[in-house]
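Below are the chains, spelled out letter by letter.
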Amino acid sequence: MYRYDEFDAALVRERIAEFSDQVDRRSSGELTEDEFKPLRLMNGVYLQLHAYMARIAVPYGVMNSRQMRQLAHVARTYDKGYGHFTTRTNIQFNWPALQDLPAILTDLAEVEMHAIQTSGNCIRNVTTDVFAGVAADEIEDPRPWGEILRQWSTIHPEFSFLPRKFKIAVIGAAKDRAAIRTPAVGRQIVRGEDGQTAIRVFVGGGQGRLPHIAQEIASAVPGRSLLAYLTAILRAYNLLGRRDNIHKARIKILVAAIGIDAFSDEVERQFAILRQEDLRIPDEELARIRAYFTPPPFQALPATSPSYDAARRLNPEFARFTRSNLRDHKQAGYGAIIVSLKPIDGVPGDITADQMEVVADLAARFSFDEVRASYEQNLVLPHVRLEDAYAVWSRLREAGLATANADLATDIIACPGLDYCSLANARSIPVAQTLSRQLADADLQEKLGPVRINISGCINACGHHHVGHIGVLGVDRKGEEYYQITVGGSPDEQAALGEIVGRSLPADEVAPAIARALDRYLEVRNDGELFIDTVRRLGADPFRTAIYEPIDAAA
Amino acid sequence: MKLLTANRLNDGRVIYLGEADAVVETIDAARPLDADTAETALAQAQSRPAIFVNPYLIEVEGRSPTGRDRLKERIRSAGPTVGHSLDFAARLEAL
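Predicted model only: the values in this text are computed from it and were never measured.

S.K.: Outline the overall build of chain B, listing residues and values.
M.R.: For chain B, the helix and strand inventory stands at three helices and five strands. Ordered by position in the sequence, the α and β elements of chain B form the string β-β-β-α-β-β-α-α. Across the 95 residues that make up chain B, the buried fraction comes to 36%.

Spelled out as structure tokens, the structure:
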């Protein structure tokens, strides 16, 4: 993985000194809250319902064991012993005190972590495929491109005060495992006509109040022109994006308002007048960064492992775990293990300090010292020998991290909701917990197969409910929590927004309603047809009927 | 009646205005304010920015939040209702 050079280290150090001074001036009253707010947001610090919240960047989701241990240290020392992983592959701490923030950032800097640009109207932490360097269908590892974007965008003077936040995701395969059509810009590595790396670019995605799926703006930008093309997009946005209305300031609104063709014309105009040689990525620099992401020293192993196969035969619980939480690796004899942060009745994405240390130990011992944070709010040990999988599972199981539910119905994505968030209208976590209890039966979950359920506590959509196969949105009806259900959303290469199926439901009716929709799927699906494919074939009507028929009958 | 609440500057925690302008951490210790005293209290809190961040008034009956934001204010007063901060949540039941 990437290691800081002297410039990175100095930049983070200087930023901490600057922020420490800002905290001191805020504490002394020299800065008002209105003056301090944009400064703290630039450093990932929010003021939520109960306390400050610190959002720490995990660039493209990649961490080593030392970093994970340091996160555990921060959780124990400055917080309440846990953290929360988000869909942007960041980690949030919910209880830090203002005066502790400089110390937290100093501790994180020791392990090359920071909170720069995890909030504010700037280019946010770049996300990517959690199976980068693992998946066999990958054209190229997207992480070096993520690192290039990180370096280029960090404290970029021209793009630190955009109309609104700007998110970028990048993938290296046709299969989209990073929801690249939901943020402002999505990038998919493709092979150019010259055989070199090229980038297919999508623009104008975004969720929230007015959700939009990103549209293709370029089919193959040469890799070395990546930064020039992105600069052109950002300049077009910076010049044309609205600043008078926060709800209409994101690039998704601009692209929708003027149309992809007009936006594309402006991007091309900007692209043509850029001094492109200044932004062209030098071959030697690309090679230098790629070198950080060379594959670890894998052993030459047979594709199968007798001990792994025997453990699967002898232990049905382990076998189930491997079916749901172990993914194929392009290196023979290895697999990638999904560490579930979705225990039944748990808080999606939460992990205790003790659990962080377990994961750190396993990463160090069994996964070339690497652990990843995923879009789905889980962790991944990317490079585990199959013959070690049983040992890894056993330890995860002891730590409560081995729920066999990756991509299944209880692998619920949820924002913190009204339990923590000052923007939320309704709670998300209790709904996720009730739903996970309702759908806890492991056999049922396997029978249902992959189903993505997303819950957001307000229209800002941090739980990505718009693109959940089933989405749940908390709304406020005269001070009471109600929940609107959508069906048919999808965050992948066939990205789509879900359709609202009807009126919102009170909290206690949500889990039974979703269970009925899933039962209906089992009745109407074709052999081998996934939930989302059944919805695409039949539309939302059968599920709408399943959700509302008994409620209407009882009314 | 109303209560005055805010987040505390140094640690972000939920605070209320108590008797004799004291800063208190529990809603039970907050000072009930009528329409006249509420506006005065709000002005005074706004003049103490080293303690009160974004002070505002909430509607209560007794010391139980009412009005449109009642659930939010109950959660603010008692802590998250679920998860790793559950020790806080038991107090929600008492409200």
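S.K.: Any chance you could break down the overall build of chain A for me, citing the residues and the numbers?
M.R.: What chain A contains, in helices and strands, is 19 helices and 21 strands. Scaling as 2.2 N^0.38, a compact globule of 555 residues should have a C-alpha radius of gyration of about 24 Å, and chain A matches this with 23 Å. When its C-alpha atoms are laid out on the principal axes, chain A stretches across 60 × 60 × 55 Å. A total of 555 residues make up chain A; the buried ones form 55% of that total. Taking contacts inside chain A between residues at least 6 apart in sequence as the whole, the part at least 24 apart equals 67%.

S.K.: For the packing of helix α6 (residues 226-240) of chain A against helix α8 (residues 260-273) of chain A, give the residues involved together with the corresponding values.
M.R.: The relative placement of two packed helices comes down to the angle between their axes together with the axis-to-axis distance. Residues and elements named next belong to chain A. One can describe the packing of α6 onto α8 by two numbers: an axis separation of 8 Å at closest approach and a directional angle of 120°. One way to sum up the angle between α6 and α8 is to call them oblique. Helix-helix and strand crossings are classified by hand; for α6 and α8 the assignment is right-handed. Two secondary-structure elements touch here, α6 through Ala 228, Tyr 229, Ala 232, Ile 233, Arg 235, Ala 236 and Leu 240 and α8 through Phe 263, Glu 266, Val 267, Gln 270 and Phe 271. Tallied by class, residues from the contact of α6 with α8 come to nine nonpolar, one polar and two charged.

S.K.: Can you lay out the sheet that holds strand β2 (residues 14-17) of chain B for me, pointing to particular residues and giving the numbers?
M.R.: All names here are of chain B. One open sheet accounts for five strands, arranged β3-β2-β1-β4-β5; its pairing is antiparallel. Looking at the sheet topology across the chains shown, the edges are occupied by β3 (23-24) and β5 (64-65). Pairing between β2 and β3: two bridges, direction antiparallel. Within β3, the residue paired with Tyr 16 across the bridge is Val 24.

S.K.: So what's going on with the interface of chain B and chain A? Which residues, and what values?
M.R.: Every contact between the two is made by 24 residues of chain B and, on the other side, 27 residues of chain A. Looking at the side of chain B that touches chain A, the elements that each hand over two or more residues are β4 (52-61) and α2 (70-78) of chain B. The element that contributes the greatest number of residues to the side of chain B that touches chain A is α2(B), accounting for five residues. The residue inventory of the side of chain B that touches chain A, partitioned by class, reads nine nonpolar, nine polar and six charged.

S.K.: Tell me about unusual backbone geometry, and name the residues and values.
M.R.: The backbone of Thr89(A) sits at a positive phi, close to 55°, despite the residue not being glycine. Note on placement: Thr89(A) falls in the loop between β4 (82-85) and β5 (91-93).

S.K.: Account for the nonpolar core, with residues named and values stated.
M.R.: All names here are of chain A. Residues Ile 233, Ile 337, Val 339, Val 359, Leu 381 and Ala 517 are the most contacted members of the largest nonpolar core, which totals 188 residues. Here this core gets 10 residues from one element, more than from any other, and that element is α6. With near-sequence residues (within four places) excluded, Ile 337 lies in contact with Asn 325, Leu 326, Val 380, Leu 381, Val 384, Ala 389 and Val 392.

S.K.: Kindly report on α6(A), identifying the contributing residues and their values.
M.R.: All names here are of chain A. Compared with an ideal rise of 1.5 Å per residue, which puts 15 residues at 21 Å, α6 spans 21 Å between its outermost C-alpha atoms and is within 8% of the ideal. For α6, a buried count of 11 out of 15 residues is recorded, marking the element as mostly surrounded by other parts of the structure. When α6 is considered as a whole, its buried residues turn out to be Leu 226, Leu 227, Ala 228, Tyr 229, Leu 230, Thr 231, Ala 232, Ile 233, Leu 234, Ala 236 and Tyr 237.

S.K.: Tell me what's going on with the environment of Arg323(A), and back it up with residues and numbers.
M.R.: Looking at the secondary structure, you find Arg323(A) in helix α12 (residues 316-325). Sequence separation between Arg323(A) and Asn405(A) is 82 residues, and the spatial gap between their C-alpha atoms is 9.4 Å.

S.K.: Tell me about the environment of Leu301(A), residues and numbers included.
M.R.: All names here are of chain A. If you trace the backbone, Leu 301 turns up in the loop between α10 (283-291) and α11 (306-314). With 31 residues separating them in the primary sequence, Leu 301 and Ala 332 have C-alpha atoms 5.9 Å apart. Once residues lying within four places of it in the same chain are set aside, the contact partners of Leu 301 are Ala 332, Gly 333 and Arg 385.

S.K.: Go over the confidence of the model for chain B, please, and point to the residues and values.
M.R.: Across chain B, the average pLDDT comes to 90, with 88% of residues at or above 70. Here the complex is predicted with pTM 0.96, and the ipTM for its interfaces comes to 0.92.

S.K.: Talk me through the environment of Asp492(A); I want residue IDs and the actual numbers.
M.R.: With respect to the helices, strands and loops of the structure, Asp492(A) is situated in the loop between β19 (480-487) and β20 (499-500). Considered as a pair, Asp492(A) and Ala174(A) are 318 residues apart in the sequence and their alpha carbons are 9.8 Å apart.

S.K.: Quick rundown of the sheet that holds strand β13 (residues 350-352) of chain A? Include the residues and the values.
M.R.: Residues and elements named next belong to chain A. Within the open sheet, the five strands sit side by side as β1-β2-β5-β4-β13. Their pairing is antiparallel. Two strands close off the open sheet at either side, each with one partner strand: β1 (45-47) and β13. When the angles between neighbouring strand axes are averaged without regard to direction, this sheet yields 30°. Relative to β13, β4 runs antiparallel, the two sharing three bridges.

S.K.: Account for the packing of helix α15 (residues 429-438) of chain A against helix α17 (residues 507-524) of chain A, naming residues and giving values.
M.R.: All names here are of chain A. Axis separation between α15 and α17 bottoms out at 9 Å; the angle between their running directions is 40°. Here α15 is positioned oblique relative to α17, judged by the angle of their axes. Crossing hand, α15 versus α17: right-handed. Seen from α15, the contacting residues are Pro 430, Val 431, Thr 434, Leu 435 and Gln 438; seen from α17, they are Ala 507, Val 510, Ala 511, Pro 512, Ile 514 and Ala 515.

S.K.: Let's hear about the pairing of strand β15 (residues 379-385) of chain A: which residues, and what values?
M.R.: Residues and elements named next belong to chain A. Extensive coverage of β15 is indicated by the burial of seven of its seven residues. Of the strand pairs in this sheet, strand β12 (residues 334-339) and β15 are connected by five bridges, and their pairing is antiparallel. The residue of β15 that forms the bridge with Ile 337 is Leu 381. Inspection of the sheet shows strand β14 (residues 371-373) paired to β15 by two bridges, in the antiparallel sense.

What counts, and where the lines are drawn
Residues numbered from 1 in each chain as written. Chains lettered and ligands numbered in written order. Predicted model: local features only at pLDDT ≥ 70, side-chain atom pairs only at ≥ 80, totals over all residues. Helix = DSSP H or I, 4+ residues; strand = E, 2+ residues; numbered from the N terminus. Buried ≥ 20, exposed ≤ 12 C-beta atoms within 10 Å, placed from the backbone. Rg over C-alpha atoms; globule rule 2.2 N^0.38 Å. Contact = placed C-beta atoms within 7 Å. Axes fitted to C-alpha atoms, helices over the stretch in contact; angles between N-to-C directions. Parallel < 35°, antiparallel > 145°, perpendicular 65-115°, else oblique. Left-handed = near helix turned anticlockwise from the far one by under 90°. Nonpolar A, V, L, I, M, F, W, Y, C, P; charged D, E, K, R; others polar. Pairing = 2+ DSSP bridges. Core = buried A, V, L, I, M, F, W, Y, C linked by C-beta atoms within 7 Å. Expected span 1.5 Å × (residues − 1). pLDDT = per-residue confidence, 0-100.

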